[in-house]
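Here is how the chains run, residue by residue.
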Amino acid sequence: MFGKLTWQAIPWDQPIPLVAGSVVVLIVLAVLAWVVIKGYLPYLWREWITSVDHKRIGVMYTLLGAVMLLRGFIDAIMMRSQQAAAFRAAGYLPPEHYDQIFSAHGTIMIFFAAMPIVIGLMNFAVPLQLGVRDVAFPTLNSTSFWLTATGALLVNISLVIGEFARTGWLVYPPLSGLPYSPGVGVDYYLWALLISGVGTLMTGINFVTTILKIRAPGMSYLRMTIFCWTALAANLLIVAAFPILTATLAMLALDRYLDFHFFTNEAGGNMMMFINLIWAWGHPEVYILVLPAFGIFSEVISTFSGKPLFNYRSMVAATMFICLVSYMVWLHHFFTMGAGGNVNAFFGISTSIIAVGTGVKIYNWLFTMYGGRIRFATPMLWSMGFLVTFVIGGMTGVLLAVPPADFLLHNSLFLVAHFHNVIIGGVLFAAFAGITYWFPKAFGFKLDEGWGKIAFWLSLIGFYVVFMPLYVAGLLGMTRRLQHYDVAAWRPWVLVAGIGIIIMICAAACQVVQFVVSIRRRDELRDETGDPWDGRSLEWATASPPPPFNFAVLPDVRGEEPYWEIKRRAIETQQLSAEPKYEPIEMPRNSPTGFITAFFCTMTGFALIWHIWWMVGLGIVAAYAVFVWFAWRDVTEYSIPAEEVARFDRARRQAREQWLAQHAGQPA
Amino acid sequence: MRGGVGTVKQLPDSRSAVVTRPLQRHAVPCRMSAALIALLSVSGCSGGVLDAQGPIGAADAKILLNAVGIMLVIVVPTIIAILAFGWWFRASNTRARYRPEFVYSGGIEVVVWGIPTLVIMFLGGVIWIGSHDLDPFKPISSPDKPTEVQVVSLDWKWLFIYPDQGVASVNELAVPAGIPVHFSLTSASVMNMFFVPQLGSMIATMNGMVTQLHLAADKPGEFYGQSAQFSGDGFSDMNFILRAVPQDGFAQWIATARQSGSALDRTSYLALCQQSSNVRPFTYRTVDASLFNAVVNQQLPPCPGPNIEGPGATVRPRLER
């Protein structure tokens with residue numbers, strides 16, 4: 001009846017996951033109870049869960065990412081403390097648990113923390129910056145989000161029911177094959193990523209379509225913000241790369257479930273094919289994350305320097321250059337598999353060529369600051385921290401692209417330090433910069449600057465204290481994923497990294513405090529103008545938070561920095577543009593399709609993991625039925641009357657009149 | 001930059017083995033990198049990859065340091081410029097000129113594309129030559145015939161077979177100092193990575209495939225070796241000692257090994273095959289000459305994974321301790 005699922009699946013004998021899991025379950029139940037008792041459930045269902053509004057979906061993505069970031073961070077704390085304790089000792093985590101933790105850390109951080117935050121920020125900002133009302137396929141967007149949530153849920157269920165993969169975050173066969181991993185861990189990994197991967201692919205299709213086909217009048221390609229350009233590049237990469245991931249993991253699933261031999265040791269399979277395929281996805285994935293991060297920094301640095309981005313076209317070229325070349329470098333992840341001099345040299349050189357594009361970007365940001373009038377608000381501090389940190393991470397990255405150096409450093413803590421250097425210094429700092437930057441747009445009040453700055457400085461210092469020692473440990477030969485070790489020379493460095501993680505804990509606490517304090521002080525931090533940072537692109541041309549339809553009338557774009565130009569014109573002429581003629585606006589209706597589909601996909605995934613075949617059939621049929629039901633709908637849109645549009649826009653114009661009065665004396 | 005691209009040095013005559021310490025001879029191209037180099041030097045004298053004890057490791061480390069040097073030439077000024085521009089153009093600095101119209105410069109564009117391109121072209125040369133010179137499959141040129149060692153990674157221990165001497169050892173590897181060693185490597189189960197940090201290049205071991213590696217130790221010593229590819233629950237104990245011994249010491253070691261221990265035939269191999277971790281080093285007195293090839297071409301099946309008979313073993317298999 002329930003396949004492999006019995007009471008033994010719950011780790012009764014392991015206090016750490018049991019207690020952690022129970023606490024999580026209790027918190028979730030408490031939140032649910034609070035929501036139900038307070039009567040928020042109908043509101044949540046109507047305004048959020050079934051919402052197809054790109055801004056709401058963006059916020060939910062970012063929230064999911066932030067919660068998973070915390071989960072992944074707890075894994076990181078456990079790893080660092082285990083290694084600090086496990087010198088000539090067993091530490092407190094047995095190997096079968098420690099191996100799950102580092103596998104879950106990588107999986108969660110990449111797929112369920114970094115990706116949702118990046119996609120969330122794209123969701124929120126791209127349509128606003130393009131000056132349009134929504135993405136191309138709003139209901140698909142909602143479905144993408146809920147499928148990502150399905151993946152995150154499955155990974156977290158593995159904490160209390162069964163186990164997670166013990167193979168590392170990229171489940172290399174043969175280790176991930178049935179003979180060496182007979183447990184359910186790898187299955188959790190496979191189905192979580194197969195289901196959420198479909199969601200990500202749909203996001204990619206959605207955003208490529210949106211950016212290519214739906215832009216405000218006058219918004220030509222070379223008037224789009226760099227964030228839109230990087231979003232385009234990242235989503236093109238998603239569309240091209242995620243099918244490879246899905247196909248690769250599907251082949252591994254066939255190996256495990258139906259005794260296929262794609263990657264086995266016998267019957268003609270070859271595990272090297274898996275490693276090639278997974279990195280053919282995996283390296284573009286790095287740029288899927290970091291290109292939008294570059295976009296965020298471009299917005300922030302330009303806004304807070306009070307200058308347009310330096311060499312805009314060069315920036316566009318560098319973005320698309322990186323997008324293209326990122327496909328030709330995957331082999332640098334396994335120089336030590338013995339491919340030979342020619343192959344290694346080719347991929348080493350192509351990898352270092354990417355540094356040209358990145359270098360160009362760094363210099364363009366540098367010259368954006370040159371001659372600027374830089375305000376060091378929290379988003380700008382994150383950007384400065386990024387610039388310095390990323391240059392160092394880029395250097396160690398190019399170093400690892402030199403095959404003979406990689407022969408010494410591959411899989412060492414030097415490598416671990418390198419990719420954390422670029423992912424924390426690049427993607428995570430961008431996430432915090434982007435969240436602080438767009439938070440007032442999303443919620444109508446700014447985040448508390450004091451706590452934000454403390455969080456920044458602690459994160460920056462904590463990062464260096466954790467990862468610089470790991471560079472040294474790697475140079476001392478320490479390989480990654482060690483549950484315990486006996487080499488005395490490594491110990492001091494591992495201990496310093498352990499101290500660094502304490503600083504990081506303080507930084508994370510400050511982040512949380514920042515949100516709590518800001519929400520409590522929201523009336524003082526209120527932004528009435530819709531333009532709290534003196535912004536330059538179109539998202540600042542509407543109210544904070546924007547109405548469901550974003551803009552009362554679609555903006556007329558005449559240059560690279562449309563909102564900056566609108567503001568200059570207003571100051572020059574000392575009046576706002578004439579009040580437009582308001583018309584009713586058609587917006588897509590909310591739909592529970594995404595949520596219900598994801599519910600049945602979760603059921604299917606769980607059933608596949610535990611071999612509950614009847615539930616697999618039920619889940620697939622039901623998920624498809626939801627799609628059919630959605631496809632048969634008659635009414636797809638609702639209309640917002642012109643009066644309501646006018647009421648909203650007049651209120652906004654009033655705020656802008658006040659702003660104009662304050663800037664009356666300012667020269668254009 | 002003196003020294004140029006690292007190449008594999010010819011091994012000196014084994015009787016007068018000269019210690020090669022690339023760090024001490026290495027010319028540092030950039031003074032501003034002193035702090036970083038100091039850090040590297042700290043790690044250089046305590047058994048890491050920069051404390052190379054053989055020609056391959058020395059050449060790898062030399063390329064590593066050269067590449068760092070080449071990149072520091074632009075990285076350090078860039079970081080200084082970032083901090084300097086940020087500081088000088090702060091909004092509160094009234095002496096800094098606000099130039100919002102400074103958004104394009106053809107000259108700067110040429111420089112920002114040009115300098116990284118030139119650096120990467122230079123580095124590309126280093127990569128091309130280094131990849132070929134230090135390809136792990138490439139033999140070390142030496143007047144001495146290399147010692148042959150066949151390596152089999154097992155869950156979770158290392159089996160070293162000496163085909164010419166007819167002995168084998170587990171988790172202990174003795175080689176004559178000053179003479180190249182030719183490793184042929186495979187795996188009996190999952191993928192691992194053979195790595196002796198102080199001797200240089202690592203290489204993967206994979207079931208059904210043979211990789212090659214050439215290393216040498218300059219002088220006698222004991223070197224830590226490990227797997228550098230996570231391979232399962234017993235991975236952390238999958239390390240070994242590489243003992244580089246003088247030539248007569250090696251002959252002695254072989255003689256001792258021949259007199260003690262059991263015989264490694266297919267039966268005892270299947271026993272060794274079972275998953276086990278933290279295995280103390282031991283030797284086999286004789287070895288089936290066809291064993292390595294039998295593992296490679298799958299005449300001997302891949303070693304088994306965890307036992308799946310017990311309750312819950314297909315849900316959460318446990319390492320037996």
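To be clear, the structure that these remarks concern was listed above.
Keep in mind the model is a prediction, meaning the values are calculated, not measured.

What counts, and where the lines are drawn
Residues numbered from 1 in each chain as written. Chains lettered and ligands numbered in written order. Predicted model: local features only at pLDDT ≥ 70, side-chain atom pairs only at ≥ 80, totals over all residues. Heavy atoms only, no water. Patch = residues over 30% accessible without salt bridge, like charges linked within 9 Å, V, L, I, M, F, W, Y side chains within 5 Å. Areas by Shrake-Rupley, 256 points an atom, 1.4 Å probe, with all protein chains shown as cover. Salt bridge = Lys/Arg side-chain N within 4 Å of Asp/Glu carboxyl O. Buried < 20%, exposed > 50% of the residue type's maximum accessible area, 1.4 Å probe, protein only. Pairing = 2+ DSSP bridges. Helix = DSSP H or I, 4+ residues; strand = E, 2+ residues; numbered from the N terminus. Axes fitted to C-alpha atoms, helices over the stretch in contact; angles between N-to-C directions. Contact = heavy atoms within 4.5 Å. Disulfide = S-S within 2.5 Å. Phe/Tyr/Trp six-rings, centres within 6.5 Å; stacked < 30°, edge-to-face > 60°. Lys NZ or Arg CZ within 6 Å of the ring centre and 35° of its normal. Buried area = accessible area lost by both parts, 1.4 Å probe. Polar contact = N/O pair within 3.5 Å; in protein donor to acceptor, adjacent residues only side chain to side chain.

1. Focus on a nonpolar patch on the surface
Next, step 1: Together, Val24, Val25, Val28, Leu29 and Leu32 of chain A make up a nonpolar patch on the protein surface, roughly 420 Å² of accessible area in all.
Next, step 2: By relative accessible area, which is 44% here, Val28 of chain A ends up partly exposed.

2. Some thoughts on the sheet that holds strand 7 (residues 200-205) of chain B
Residues and elements named next belong to chain B.
Next, step 1: Pairing in this open sheet of 5 strands is mixed, and the strands run 4-10-9-6-7 from one edge to the other. Every interior strand has two partners, whereas the edge strands, strand 4 (172-176) and strand 7, have only one. Going from strand to strand, the sheet's axes swing by 20 degrees on average, the running direction of each strand aside.
Next, step 2: Taken strand by strand, helix 5 (residues 247-259) contacts strand 4 and strand 10 (239-245), and its axis lies near 140 degrees from that of strand 4.

3. Overview of the state of the cysteines
Next, step 1: For the coordinates displayed, the defined rule picks out 1 disulfide over all chains.
Next, step 2: Between Cys506 of chain A, a cysteine without a disulfide, and Cys510 of chain A, which holds the nearest cysteine sulfur, the sulfur-to-sulfur distance is 6.9 Å.

4. Details of the packing of aromatic side chains
Residue and element names in this part refer to chain A.
Next, step 1: Applying the stated rule across the entire model yields 71 aromatic pairs over all chains.
Next, step 2: Seen from their ring centres, Trp382 and Phe432 are 5.0 Å apart, and the 40 degrees between their planes marks the pair as tilted. In this pair, Trp382 is assigned in helix 11 (residues 378-400) and Phe432 in helix 13 (residues 413-443), connecting sequence segments 50 residues apart. Each member of the pair, Trp382 together with Phe432, is buried.
Next, step 3: Site record: aromatic cluster; members linked through ring pairs are Phe111, Phe112, Trp169, Phe242, Trp279 and Trp281.
Next, step 4: When the ring centre of Trp564 is taken as origin, the NZ or CZ atom of Arg536, which lies over that ring, is 3.9 Å away.

5. Observations regarding the interface of chain A and chain B
Next, step 1: The partner chain B presents 102 residues to the 103 residues of chain A that form the contact.
Next, step 2: With both chains or domains summed, chain A and chain B bury close to 8,500 Å², and 70% of this area falls on carbon and sulfur atoms.
Next, step 3: Counting the surface chain A buries against chain B, the share from its top three residues, Tyr180, Phe407 and Leu408 of chain A, is 9%.
Next, step 4: Notably, a salt bridge pairs Asp13 of chain A with Arg316 of chain B, separated by 4.0 Å at the nearest N-O pair.
Next, step 5: For the pair chain A and chain B, the interface holds 24 residue pairs in polar contact (both at pLDDT 80 or more).
Next, step 6: At the level of secondary structure, the elements contributing two or more residues to the side of chain A that touches chain B comprise helix 4 (95-130), helix 8 (271-305), helix 9 (312-325), helix 10 (341-369), helix 11, helix 12 (403-409) and helix 14 (449-475) of chain A.
Next, step 7: Here the element with the most residues in the side of chain A that touches chain B is helix 10 of chain A; it accounts for 17 residues.

6. Some words on the sheet that holds strand 8 (residues 211-215) of chain B
Residues and elements named next belong to chain B.
Next, step 1: What the 7 strands build is an open sheet, ordered 8-5-1-2-3-12-11; its pairing is mixed. Here the strands that pair on one side only, and so sit at the sheet edges, are strand 8 and strand 11 (262-264). Each neighbouring strand pair of the sheet contributes to a mean axis angle of 30 degrees, computed without reference to strand direction.
Next, step 2: In terms of strand pairing, strand 3 (residues 167-170) meets strand 12 (residues 282-287) through 3 bridges, oriented antiparallel. In the sheet register, Ala168 faces strand 12, and the bridge partner there is Tyr284.
Next, step 3: Against the sheet, helix 5 engages strand 1 (147-154), strand 2 (157-162), strand 3 and strand 12, with an angle of about 80 degrees to strand 12.

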